[in-house]
Amino acid sequence: MTDGSSPGRPADQHPPTRGGRRRAPGGPRRWLAAGGLAALAAAVAVTLAVRGGAAPACAAPPPRALPAAPPLGGTIHSGKATFYDSKGAGGNCSRPAAPANRLYVALGPGEYAAGASCGGHLDVTGPKGTVRVLVMDQCPECEPGHLDLSAEAFARIADPVQGVVKVSYRAVVDPPLPGPLTFRIKEGASQWWFAVLVGDHGNPLRAVEVRQGDSWRAATRQDYNYWLIPSGAGPGPYRIRVTDVYGHRATATGIRMLPGQVQRSTVRMYGVAPRSSTPSRSPSARPSTRPSASVTPSLRAPTSPPAVLDAAAAPPGTPDPDAACG
(Lines give C-alpha, C1' and ligand atoms only; values in the text may rest on other atoms or scores of the structure.)
Protein backbone atom coordinates (compact mmCIF):
# COMPACT_ATOMS: atom_id res chain seq x y z
CA MET A 1 0.00 0.00 0.00
CA THR A 2 1.20 3.51 -0.56
CA ASP A 3 1.18 5.63 2.57
CA GLY A 4 0.11 8.96 1.09
CA SER A 5 1.93 10.78 3.88
CA SER A 6 3.73 13.22 1.63
CA PRO A 7 2.20 15.70 -0.80
CA GLY A 8 5.07 15.17 -3.20
CA ARG A 9 4.21 13.19 -6.29
CA PRO A 10 6.78 11.33 -8.41
CA ALA A 11 7.90 13.06 -11.57
CA ASP A 12 6.33 11.83 -14.77
CA GLN A 13 8.37 9.00 -16.18
CA HIS A 14 8.87 9.34 -19.90
CA PRO A 15 9.40 6.09 -21.84
CA PRO A 16 13.04 5.57 -22.80
CA THR A 17 13.85 6.41 -26.39
CA ARG A 18 14.72 3.55 -28.67
CA GLY A 19 18.47 3.35 -29.28
CA GLY A 20 19.81 3.65 -32.84
CA ARG A 21 21.38 0.81 -34.76
CA ARG A 22 25.12 0.25 -34.64
CA ARG A 23 27.04 1.91 -37.45
CA ALA A 24 27.86 -0.51 -40.29
CA PRO A 25 31.56 -1.05 -41.04
CA GLY A 26 32.98 1.10 -43.81
CA GLY A 27 34.02 4.70 -44.42
CA PRO A 28 31.99 7.76 -43.47
CA ARG A 29 30.86 8.37 -47.06
CA ARG A 30 29.36 4.90 -47.29
CA TRP A 31 27.50 5.45 -44.01
CA LEU A 32 26.21 8.86 -45.10
CA ALA A 33 25.00 7.47 -48.40
CA ALA A 34 23.16 4.65 -46.70
CA GLY A 35 21.72 7.04 -44.17
CA GLY A 36 20.56 9.40 -46.91
CA LEU A 37 18.78 6.64 -48.78
CA ALA A 38 17.10 5.43 -45.62
CA ALA A 39 15.92 8.94 -44.77
CA LEU A 40 14.59 9.44 -48.29
CA ALA A 41 12.70 6.15 -48.18
CA ALA A 42 11.17 7.02 -44.83
CA ALA A 43 10.04 10.42 -46.09
CA VAL A 44 8.42 8.88 -49.18
CA ALA A 45 6.61 6.28 -47.04
CA VAL A 46 5.22 8.94 -44.69
CA THR A 47 4.09 11.11 -47.61
CA LEU A 48 2.25 8.21 -49.23
CA ALA A 49 0.61 7.28 -45.93
CA VAL A 50 -0.59 10.83 -45.33
CA ARG A 51 -1.94 11.14 -48.86
CA GLY A 52 -3.75 7.84 -48.49
CA GLY A 53 -5.29 8.90 -45.20
CA ALA A 54 -3.60 6.11 -43.26
CA ALA A 55 -2.01 6.56 -39.86
CA PRO A 56 1.69 5.74 -39.50
CA ALA A 57 2.19 2.05 -38.76
CA CYS A 58 4.14 2.84 -35.59
CA ALA A 59 1.27 4.79 -33.95
CA ALA A 60 -0.04 2.83 -30.93
CA PRO A 61 -3.66 3.09 -29.82
CA PRO A 62 -4.19 5.32 -26.79
CA PRO A 63 -4.18 3.44 -23.46
CA ARG A 64 -7.59 2.47 -22.20
CA ALA A 65 -8.34 4.37 -19.01
CA LEU A 66 -9.79 2.49 -16.08
CA PRO A 67 -13.08 3.78 -14.63
CA ALA A 68 -12.34 6.03 -11.68
CA ALA A 69 -15.32 6.30 -9.37
CA PRO A 70 -15.93 5.32 -5.76
CA PRO A 71 -18.69 2.82 -4.91
CA LEU A 72 -21.77 4.91 -4.09
CA GLY A 73 -25.51 4.72 -3.51
CA GLY A 74 -25.84 1.27 -2.00
CA THR A 75 -25.45 -0.57 -5.34
CA ILE A 76 -24.32 -4.16 -4.75
CA HIS A 77 -21.04 -5.14 -6.41
CA SER A 78 -19.42 -8.55 -6.76
CA GLY A 79 -15.72 -9.26 -6.49
CA LYS A 80 -13.07 -10.89 -4.37
CA ALA A 81 -11.26 -10.09 -1.16
CA THR A 82 -7.72 -10.58 0.13
CA PHE A 83 -6.16 -9.15 3.29
CA TYR A 84 -3.14 -7.20 4.54
CA ASP A 85 -1.93 -5.32 7.62
CA SER A 86 -1.25 -1.57 7.62
CA LYS A 87 0.72 -2.02 10.87
CA GLY A 88 -1.23 0.79 12.50
CA ALA A 89 -0.60 3.34 9.75
CA GLY A 90 -3.44 5.39 8.28
CA GLY A 91 -2.89 4.42 4.66
CA ASN A 92 -3.01 6.46 1.49
CA CYS A 93 -5.96 8.46 2.87
CA SER A 94 -3.49 10.08 5.32
CA ARG A 95 -5.37 9.20 8.50
CA PRO A 96 -3.18 9.79 11.57
CA ALA A 97 -3.66 6.08 12.39
CA ALA A 98 -5.75 3.05 11.51
CA PRO A 99 -9.22 3.01 13.12
CA ALA A 100 -9.34 1.63 16.66
CA ASN A 101 -11.44 -1.36 15.60
CA ARG A 102 -8.94 -2.13 12.79
CA LEU A 103 -11.73 -2.71 10.28
CA TYR A 104 -10.58 -1.04 7.07
CA VAL A 105 -10.11 -1.67 3.36
CA ALA A 106 -7.80 -0.68 0.51
CA LEU A 107 -9.32 -0.20 -2.95
CA GLY A 108 -7.75 -0.44 -6.38
CA PRO A 109 -6.96 2.77 -8.28
CA GLY A 110 -10.27 2.74 -10.16
CA GLU A 111 -12.47 2.62 -7.04
CA TYR A 112 -10.04 4.57 -4.88
CA ALA A 113 -10.56 7.29 -7.51
CA ALA A 114 -7.64 9.54 -6.54
CA GLY A 115 -8.86 9.78 -2.95
CA ALA A 116 -12.56 10.28 -3.68
CA SER A 117 -13.47 7.13 -1.70
CA CYS A 118 -11.51 8.10 1.41
CA GLY A 119 -13.54 8.17 4.62
CA GLY A 120 -16.49 6.26 3.18
CA HIS A 121 -17.66 2.87 4.39
CA LEU A 122 -18.44 -0.46 2.72
CA ASP A 123 -20.49 -3.42 3.91
CA VAL A 124 -18.65 -6.52 2.69
CA THR A 125 -20.30 -9.94 2.71
CA GLY A 126 -18.35 -13.20 2.47
CA PRO A 127 -18.85 -16.88 3.33
CA LYS A 128 -19.09 -16.26 7.10
CA GLY A 129 -21.06 -13.01 7.25
CA THR A 130 -20.86 -9.25 6.77
CA VAL A 131 -18.41 -6.67 8.08
CA ARG A 132 -18.42 -2.86 7.81
CA VAL A 133 -15.07 -1.35 6.87
CA LEU A 134 -13.63 2.15 6.48
CA VAL A 135 -12.04 3.05 3.15
CA MET A 136 -8.54 4.01 4.28
CA ASP A 137 -6.01 2.94 1.69
CA GLN A 138 -5.17 2.25 -1.93
CA CYS A 139 -4.13 -1.10 -3.37
CA PRO A 140 -2.12 -0.23 -6.51
CA GLU A 141 -2.27 -3.75 -7.97
CA CYS A 142 -6.00 -4.30 -7.34
CA GLU A 143 -8.50 -4.14 -10.19
CA PRO A 144 -12.08 -2.91 -9.69
CA GLY A 145 -13.91 -5.42 -7.51
CA HIS A 146 -10.78 -6.53 -5.65
CA LEU A 147 -10.95 -5.48 -1.99
CA ASP A 148 -7.84 -5.73 0.18
CA LEU A 149 -9.28 -5.95 3.69
CA SER A 150 -7.52 -5.68 7.00
CA ALA A 151 -6.70 -9.07 8.47
CA GLU A 152 -9.28 -8.46 11.22
CA ALA A 153 -12.03 -7.61 8.72
CA PHE A 154 -11.24 -10.62 6.54
CA ALA A 155 -11.47 -12.93 9.55
CA ARG A 156 -15.03 -11.67 10.14
CA ILE A 157 -16.22 -12.89 6.73
CA ALA A 158 -13.99 -15.87 5.90
CA ASP A 159 -11.34 -18.25 7.17
CA PRO A 160 -7.95 -16.52 6.73
CA VAL A 161 -6.49 -19.83 5.53
CA GLN A 162 -8.47 -19.35 2.31
CA GLY A 163 -6.50 -16.21 1.44
CA VAL A 164 -8.87 -15.16 -1.37
CA VAL A 165 -12.66 -15.38 -1.26
CA LYS A 166 -15.59 -14.20 -3.36
CA VAL A 167 -17.52 -11.31 -1.82
CA SER A 168 -20.30 -8.85 -2.49
CA TYR A 169 -20.12 -5.30 -1.22
CA ARG A 170 -21.97 -2.01 -1.24
CA ALA A 171 -21.38 1.54 -0.08
CA VAL A 172 -23.02 2.52 3.20
CA VAL A 173 -25.13 5.67 2.91
CA ASP A 174 -25.16 7.90 6.03
CA PRO A 175 -23.39 5.50 8.43
CA PRO A 176 -23.49 6.43 12.14
CA LEU A 177 -20.92 9.11 12.87
CA PRO A 178 -18.27 8.65 15.57
CA GLY A 179 -18.51 12.33 16.44
CA PRO A 180 -18.25 15.85 15.03
CA LEU A 181 -16.05 16.73 12.07
CA THR A 182 -12.32 16.89 12.65
CA PHE A 183 -9.75 18.97 10.79
CA ARG A 184 -6.00 18.49 10.53
CA ILE A 185 -3.83 21.17 8.91
CA LYS A 186 -0.89 19.53 7.15
CA GLU A 187 2.68 19.89 8.36
CA GLY A 188 4.44 22.66 6.45
CA ALA A 189 1.22 24.63 5.88
CA SER A 190 1.16 28.40 6.40
CA GLN A 191 -0.95 31.39 5.42
CA TRP A 192 0.61 31.04 1.94
CA TRP A 193 0.04 27.28 1.47
CA PHE A 194 -3.11 25.65 2.84
CA ALA A 195 -3.85 21.92 3.11
CA VAL A 196 -6.45 20.32 5.38
CA LEU A 197 -7.55 16.75 6.11
CA VAL A 198 -11.23 16.35 7.09
CA GLY A 199 -12.25 13.42 9.27
CA ASP A 200 -15.35 11.73 10.69
CA HIS A 201 -17.59 12.78 7.78
CA GLY A 202 -19.23 9.37 7.23
CA ASN A 203 -19.86 9.57 3.48
CA PRO A 204 -17.21 10.36 0.86
CA LEU A 205 -16.71 14.08 0.37
CA ARG A 206 -17.50 16.09 -2.75
CA ALA A 207 -16.18 19.54 -1.82
CA VAL A 208 -14.24 21.48 0.81
CA GLU A 209 -14.28 25.29 0.76
CA VAL A 210 -12.61 27.93 2.88
CA ARG A 211 -14.17 31.34 3.50
CA GLN A 212 -11.86 34.16 2.52
CA GLY A 213 -13.21 37.68 2.55
CA ASP A 214 -16.63 37.80 0.91
CA SER A 215 -16.41 34.52 -1.00
CA TRP A 216 -15.70 30.82 -0.65
CA ARG A 217 -12.50 29.39 -2.11
CA ALA A 218 -12.66 25.80 -3.30
CA ALA A 219 -9.88 23.48 -2.21
CA THR A 220 -8.70 20.71 -4.53
CA ARG A 221 -8.56 17.14 -3.26
CA GLN A 222 -5.18 15.45 -3.63
CA ASP A 223 -4.82 11.69 -4.10
CA TYR A 224 -3.47 11.48 -0.54
CA ASN A 225 -6.79 12.97 0.68
CA TYR A 226 -5.70 16.44 1.79
CA TRP A 227 -7.63 19.40 0.36
CA LEU A 228 -5.24 21.96 -1.05
CA ILE A 229 -5.24 25.70 -1.80
CA PRO A 230 -1.72 26.23 -3.22
CA SER A 231 -1.72 30.02 -2.75
CA GLY A 232 -2.91 29.75 0.86
CA ALA A 233 -6.01 30.93 2.69
CA GLY A 234 -4.54 33.52 5.05
CA PRO A 235 -3.45 33.14 8.68
CA GLY A 236 -6.80 31.90 10.04
CA PRO A 237 -8.80 31.10 12.07
CA TYR A 238 -10.72 29.49 9.24
CA ARG A 239 -14.35 28.98 8.36
CA ILE A 240 -14.54 25.69 6.44
CA ARG A 241 -17.58 24.38 4.55
CA VAL A 242 -17.73 20.64 3.84
CA THR A 243 -20.13 18.92 1.39
CA ASP A 244 -20.46 15.17 0.89
CA VAL A 245 -21.52 13.20 -2.19
CA TYR A 246 -25.14 12.99 -1.02
CA GLY A 247 -25.57 16.72 -0.47
CA HIS A 248 -25.05 16.97 3.30
CA ARG A 249 -23.29 20.21 4.18
CA ALA A 250 -21.74 21.49 7.40
CA THR A 251 -19.78 24.65 8.19
CA ALA A 252 -17.20 24.77 10.96
CA THR A 253 -15.50 27.90 12.28
CA GLY A 254 -12.53 28.56 14.49
CA ILE A 255 -10.17 26.12 12.76
CA ARG A 256 -6.68 27.42 13.51
CA MET A 257 -3.34 27.23 11.77
CA LEU A 258 -1.98 24.40 13.94
CA PRO A 259 -0.13 22.06 11.54
CA GLY A 260 -0.08 18.43 12.57
CA GLN A 261 -2.78 18.70 15.24
CA VAL A 262 -6.28 17.26 14.99
CA GLN A 263 -8.94 19.88 15.79
CA ARG A 264 -12.43 18.66 16.63
CA SER A 265 -15.34 20.93 15.77
CA THR A 266 -18.76 20.84 17.40
CA VAL A 267 -20.71 20.29 14.18
CA ARG A 268 -21.65 16.96 12.66
CA MET A 269 -21.87 16.21 8.97
CA TYR A 270 -25.46 15.01 9.40
CA GLY A 271 -27.81 13.80 12.10
CA VAL A 272 -27.70 14.83 15.75
CA ALA A 273 -25.59 13.76 18.68
CA PRO A 274 -27.02 10.90 20.74
CA ARG A 275 -28.69 12.19 23.88
CA SER A 276 -27.07 11.25 27.15
CA SER A 277 -29.31 9.52 29.68
CA THR A 278 -30.35 11.66 32.65
CA PRO A 279 -31.75 10.34 35.95
CA SER A 280 -35.52 10.63 36.14
CA ARG A 281 -36.95 12.86 38.86
CA SER A 282 -38.88 11.09 41.59
CA PRO A 283 -42.60 12.01 41.62
CA SER A 284 -42.35 12.78 45.34
CA ALA A 285 -39.43 15.12 44.90
CA ARG A 286 -40.14 18.65 45.96
CA PRO A 287 -39.91 21.07 43.03
CA SER A 288 -37.11 23.56 43.36
CA THR A 289 -37.87 27.25 43.45
CA ARG A 290 -34.58 28.01 41.70
CA PRO A 291 -34.48 28.09 37.91
CA SER A 292 -32.89 24.89 36.62
CA ALA A 293 -30.41 24.88 33.77
CA SER A 294 -31.40 22.66 30.87
CA VAL A 295 -29.00 19.85 30.09
CA THR A 296 -27.95 19.63 26.45
CA PRO A 297 -25.93 16.80 24.97
CA SER A 298 -22.25 17.57 24.67
CA LEU A 299 -20.67 17.24 21.26
CA ARG A 300 -17.17 17.36 22.67
CA ALA A 301 -15.35 14.05 22.40
CA PRO A 302 -12.79 12.88 24.96
CA THR A 303 -9.21 13.61 24.04
CA SER A 304 -7.26 10.61 22.84
CA PRO A 305 -3.99 10.19 20.95
CA PRO A 306 -3.34 11.89 18.66
CA ALA A 307 -4.21 15.01 20.62
CA VAL A 308 -7.54 16.50 19.59
CA LEU A 309 -8.23 20.18 20.08
CA ASP A 310 -11.71 21.67 20.21
CA ALA A 311 -12.67 24.29 17.63
CA ALA A 312 -15.71 26.54 17.46
CA ALA A 313 -18.32 25.60 14.90
CA ALA A 314 -21.69 26.61 13.57
CA PRO A 315 -24.33 24.72 15.62
CA PRO A 316 -25.92 21.75 13.82
CA GLY A 317 -28.95 22.74 11.79
CA THR A 318 -28.06 26.42 11.75
CA PRO A 319 -28.61 27.89 8.26
CA ASP A 320 -25.39 29.03 6.68
CA PRO A 321 -25.66 32.81 6.19
CA ASP A 322 -23.00 32.69 3.52
CA ALA A 323 -24.55 29.89 1.47
CA ALA A 324 -25.99 32.32 -1.08
CA CYS A 325 -22.72 34.21 -1.40
CA GLY A 326 -20.45 31.39 -2.50
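It should be noted that the structure appears before, not after, this text.
I will try to describe carefully the structure that is included in this document. This is a predicted model, so every value here is computed, not measured.

## With respect to the overall build of the protein
- Along the backbone of the protein there are three helices and 16 strands.
- Taking all 326 residues of the protein together, the buried fraction comes to 38%.
- Within the protein, residue pairs in contact and separated by at least 24 positions form 73% of the contacts whose partners lie at least 6 positions apart.
- Summing over all exposed atoms, the protein offers an accessible surface of approximately 19200 Å²; the carbon and sulfur share of this is 57%.

## Overview of the state of the cysteines
- A full pass over the atoms with the stated rule returns two disulfides.
- In this model Cys93 forms its disulfide with Cys118; the gap between the sulfur atoms is 2.0 Å. In this structure, the disulfide formed by Cys93 and Cys118 twists by about -85 degrees around the S-S bond and is classed as left-handed. Placement of the pair is Cys93 in the loop between β1 (77-84) and β2 (104-107) and Cys118 in the loop between α2 (109-112) and β3 (121-126), with a sequence separation of 25 residues.
- Sulfur-sulfur distance for the disulfide between Cys139 and Cys142 comes to 2.0 Å.

## What to know about the pattern of salt bridges
- The full count for this structure, using the stated rule, is seven salt bridges.
- Across the pair Arg241 and Glu209 runs a salt bridge whose closest N-O atoms are separated by 2.9 Å. Taken together, the residues Arg241 in strand β13 (residues 238-244) and Glu209 in strand β9 (residues 205-212) connect sequence positions 32 residues apart.
- For Arg241, a relative accessible area of 3% translates into the label buried.

## With respect to a nonpolar patch on the surface
- On the surface, Leu72, Val173 and Tyr246 cluster together into a nonpolar patch covering about 210 Å² of accessible area.
- With respect to the helices and strands, Leu72 occurs in the loop between α1 (28-51) and β1.
- With relative accessibility at 32%, the residue Leu72 sits in the partly exposed group.

## Re the sheet that holds strand β5 (residues 146-150)
- Pairing within the closed barrel is mixed, and its six strands lie in the order β1-β5-β2-β4-β3-β6. Across the sheet, the mean angle separating the axes of adjacent strands is 45 degrees when strand polarity is ignored.

## Some words on the side chain of His146
- Relative to the elements of secondary structure, His146 occurs in strand β5.
- Exposure remark for His146: the relative accessible area of 13% places this residue in the buried category.
- Looking at His146, its side chain comes within polar contact range of the side chain of Thr82, at 2.9 Å.
- The contact partners of His146, leaving out residues within four places of it in the chain, are Lys80, Thr82, Ala106 and Gly108.

## Brief notes about the environment of Val167
- Here Val167 is to be found in strand β6 (residues 165-171).
- Exposure remark for Val167: the relative accessible area of 6% places this residue in the buried category.
- Sequence separation between Val167 and Ile157 is 10 residues; the distance between their C-alpha atoms is 8.8 Å.
- In this structure, Val167 is in contact with His77, Ser78, Gly79, Lys80, Ala81, Val124, Thr125, Gly126, Leu147 and Ile157, ignoring residues within four places of it in sequence.

Scoring rules and cut-offs
- Residues numbered from 1 in each chain as written.
- Predicted model: local features only at pLDDT ≥ 70, side-chain atom pairs only at ≥ 80, totals over all residues.
- Heavy atoms only, no water.
- Helix = DSSP H or I, 4+ residues; strand = E, 2+ residues; numbered from the N terminus.
- Buried < 20%, exposed > 50% of the residue type's maximum accessible area, 1.4 Å probe, protein only.
- Contact = heavy atoms within 4.5 Å.
- Areas by Shrake-Rupley, 256 points an atom, 1.4 Å probe, with all protein chains shown as cover.
- Disulfide = S-S within 2.5 Å.
- Salt bridge = Lys/Arg side-chain N within 4 Å of Asp/Glu carboxyl O.
- Patch = residues over 30% accessible without salt bridge, like charges linked within 9 Å, V, L, I, M, F, W, Y side chains within 5 Å.
- Pairing = 2+ DSSP bridges.
- Axes fitted to C-alpha atoms, helices over the stretch in contact; angles between N-to-C directions.
- Polar contact = N/O pair within 3.5 Å; in protein donor to acceptor, adjacent residues only side chain to side chain.

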